[in-house]
Amino acid sequence: MTAGRKRSFDKQEALEKAMRLFWQSGYSGTSLSDLTTELGINKPSLYAAFGNKEALFKASVEHYMACYGAPHWTKLLEPSDASLEERLKRFLHAIVDLVSDPSLPQGCLVVKSTCESGSQAIPDEITMTLNNIERENKKALVVLFGREKAIGNLPKGSDVNQLATYLLAVLYGIGVLAKNGNAKHSLRAVADVSVQALVG
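Residues numbered from 1 in each chain as written. Predicted model: local features only at pLDDT ≥ 70, side-chain atom pairs only at ≥ 80, totals over all residues. Heavy atoms only, no water.

## Observations regarding the overall build of the chain
Here is step 1: Looking only at helices and strands, the chain has nine helices and zero strands in total.
Here is step 2: Each helix and strand of the chain, placed in order from N terminus to C terminus, yields the pattern α-α-α-α-α-α-α-α-α.
Here is step 3: Overall, the chain is about 70 × 45 × 30 Å in size when its C-alpha atoms are taken along their principal axes.
Here is step 4: Within the chain, contacts between residues at least 6 apart in sequence are counted, and of these 66% link residues at least 24 apart.
Here is step 5: A distance of 2 Å separates the average location of the 23 positive side-chain charges in the chain from that of its 21 negative side-chain charges. (Helix = DSSP H or I, 4+ residues; strand = E, 2+ residues; numbered from the N terminus. Contact = heavy atoms within 4.5 Å. Lys, Arg positive; Asp, Glu negative; His and termini not counted. Charge placed at Lys NZ, Arg CZ, Asp CG, Glu CD.)

## A word on the pattern of salt bridges
Side-chain pairing between opposite charges can occur once the charged atoms of the two side chains come close.
Here is step 1: What the rule picks out here adds up to eight salt bridges.
Here is step 2: Its salt-bridge partner being Glu148, residue Arg87 comes within 2.9 Å of it at the nearest N-O pair. Here Glu148 lies in helix H7 (residues 124-150) and Arg87 lies in helix H5 (residues 84-99), a separation of 61 residues in the sequence.
Here is step 3: The residue Arg147 makes a salt bridge to Glu148 at a minimum N-O spacing of 3.8 Å.
Here is step 4: Among the residues examined, Glu148 registers a relative accessible area of 2% and is labelled buried.
Here is step 5: Taken together, the shared-partner salt bridges in this structure form one network comprising Arg87, Arg147 and Glu148. (Salt bridge = Lys/Arg side-chain N within 4 Å of Asp/Glu carboxyl O. Buried < 20%, exposed > 50% of the residue type's maximum accessible area, 1.4 Å probe, protein only.)

Printed below as a string of structure tokens:
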């Protein structure tokens, strides 16, 4: 009887595992040894597949945004016949569900990493990556609120930049509260109050 063929290395599966490890323990709390153990590969194989720890972290953040973050942003736009209040509530509730999902690390990878940035343990390039994510998210929100203001869904005197900054602050706050173990119903209450503040 011949031995079974060794399963080939699945880069996407390994990236998902690495992302969850960073999500759970943060950049500085995740060692190369942790990564090689979790991924089931040695250091040369990790370097060959992803580069160094910093490059793997950046790839993990991009994977997180694409697979866990971006799908929820569509709720701010769809369904197009829903009110801004309804879309904001659906969006924030979806974020609450994500950051408090018991099958996933608690909190938000980007928020957790942003809290680490600025320290000596976080390379400058990673801080720049996180800052770029925040900048792009704010830009998208400014566009959204600008359009909603133009069609009359927001008061004429609304400052769309301030609204975008406020919503980002709510998102980051929800991520921190979830990481600290706050219950989902409490986070949804925060979301609901925030929606009223935004559209009121």
